[in-house]
Amino acid sequence: MEAVFLQLVNLSINAGWLVLAVLVLRLLLRRAPRWICCCLWGLVALRLLCPMSIESAVSLLPSAHPLPQEFLTAQTPEIASGLAVIDQAVNPVLAQYPAPAPGNPRPVQQITAILAWVWLAGVCAMLLYALVTSLLLRRRVATATLLAEGVKESEFIASPFVMGLIRPTIYLPYQLDASLRVHVLAHERAHIRRKDPLWKMVGFVLLSIYWFHPLLWVAYPLLCRDIEAACDESVIRGMDEEARRNYAAALFRCGIVSRFGAAVS
């Protein structure tokens, strides 16, 4: 498990540089369509999912393997971050640990083993949180009544959302005003058409796996925000100014916001 954890740390470090790049690009592309930002977050996800790296002299990443494979077994473990200032600060500290007697685990191995178990406990806690909140939400809307195909009403929810991946269902607050319903349904159906529940779930699973990386806790809410903005852009495309104002007012009155969970607003 230590080797798996070490590989994930390498991937997370590389992905961290991409997150920083995306954060800068989001500022530069403030007036660009939000689907572009969603694609940029997709590159981060690809980096987190793909263990293969292509070494190149023009690569934006300082090092593909900051923690080399021999880090756990080397007589004197060293990092190779690709940034001399970091290597010169960290490697002398690692060199202070003397090699243990033959057959005994090295201090780096012991620390890595402990961190690996802490990481696994964090992953389990995150996934358990997602499971419990989803089950509680399903229990809350268990008595929802069918309004139309793929649309249900419930008196126990305050704002609309989509739940389900294979057969997604739109849940609306009970007796939602008809003037608001048409805009809300357009918003939620756009989420379904764009597969947003799936992308948010993938994002949350990756956050659960890499929960130890602080930049990903910044990236996930921004991903959700960009997904919401891209969804709205797809709905209002072709609308006149008055229709856009009515659409925005309807979503505001219904309290449609990004959610940190399995359901999608």
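Reading the values: the criteria
- Along every chain, residues carry numbers that run from 1 in the direction the sequence is written.
- In view of the model being predicted, local features appear only for residues whose pLDDT reaches at least 70, and side-chain atom pairs are presented and counted only at 80 or more, with totals across whole chains, interfaces and linings using the full set of residues.
- Water and hydrogen atoms were dropped before computing side-chain values, which therefore reflect all heavy atoms in the structure.
- Where helices are involved, their axes are fitted lines through C-alpha atoms of the stretch in contact, as for all axes, and angles between N-to-C directions lie from 0 to 180°.
- Think of it this way: any DSSP run of H or I at least four residues long counts as a helix, any run of E at least two long counts as a strand, and we number them from the N terminus.
- Should an angle lie under 35 degrees it is considered roughly parallel, over 145 roughly antiparallel, and from 65 to 115 roughly perpendicular; all remaining angles are considered oblique.
- Contacts: residue pairs with any heavy atoms within 4.5 Å of one another.
- Gly is put with the polar residues, along with every residue not named as nonpolar or charged; the nonpolar set is Ala, Val, Leu, Ile, Met, Phe, Trp, Tyr, Cys and Pro, and the charged set is Asp, Glu, Lys and Arg.
- Between 30 and 60 degrees the pair is tilted, below 30 it is stacked and above 60 it is edge-to-face, where a pair is any two Phe, Tyr or Trp rings, Trp via its six-membered ring, whose centres lie within 6.5 Å.
- Relative accessibility under 20% of the residue-type maximum defines a buried residue, over 50% an exposed one, and the middle range a partly exposed one, all with a 1.4 Å probe and only protein chains included.

Once that is clear, we can look at the packing of helix 5 (residues 178-193) against helix 8 (residues 241-254). Taken N-terminus to C-terminus, the directions of helix 5 and helix 8 make an angle of 85°; their axes are 9 Å apart at the nearest point. It follows that helix 5 is roughly perpendicular to helix 8 by the angle criterion. Contacts between helix 5 and helix 8 involve Leu-180, His-183, Val-184 and His-187 from the former and Ala-243, Asn-246, Tyr-247, Ala-250, Leu-251, Arg-253 and Cys-254 from the latter. In terms of residue class, the contact of helix 5 with helix 8 is made up of 7 nonpolar, 3 polar and 1 charged.

With that settled, the discussion passes to the packing of aromatic side chains. Counting across every chain of the model gives 7 aromatic pairs. With centroids separated by 6.2 Å and ring planes inclined at 45°, the aromatic side chains of Phe-5 and Trp-119 adopt a geometry described as tilted. Of this pair, Phe-5 sits in helix 1 (residues 2-28) while Trp-119 is found in helix 4 (residues 107-140), placing the two residues 114 residues apart along the sequence. Between Phe-161 and Tyr-171, the ring centres sit 5.4 Å apart and the planes meet at 20°, which makes this aromatic pair stacked. Taken together, the positions of Phe-161 in strand 3 (residues 161-163) and Tyr-171 in strand 4 (residues 169-173) put the pair 10 residues apart, joining distant regions of the chain. Using a relative accessible area of 3% as the deciding quantity, one classes Phe-161 as buried.

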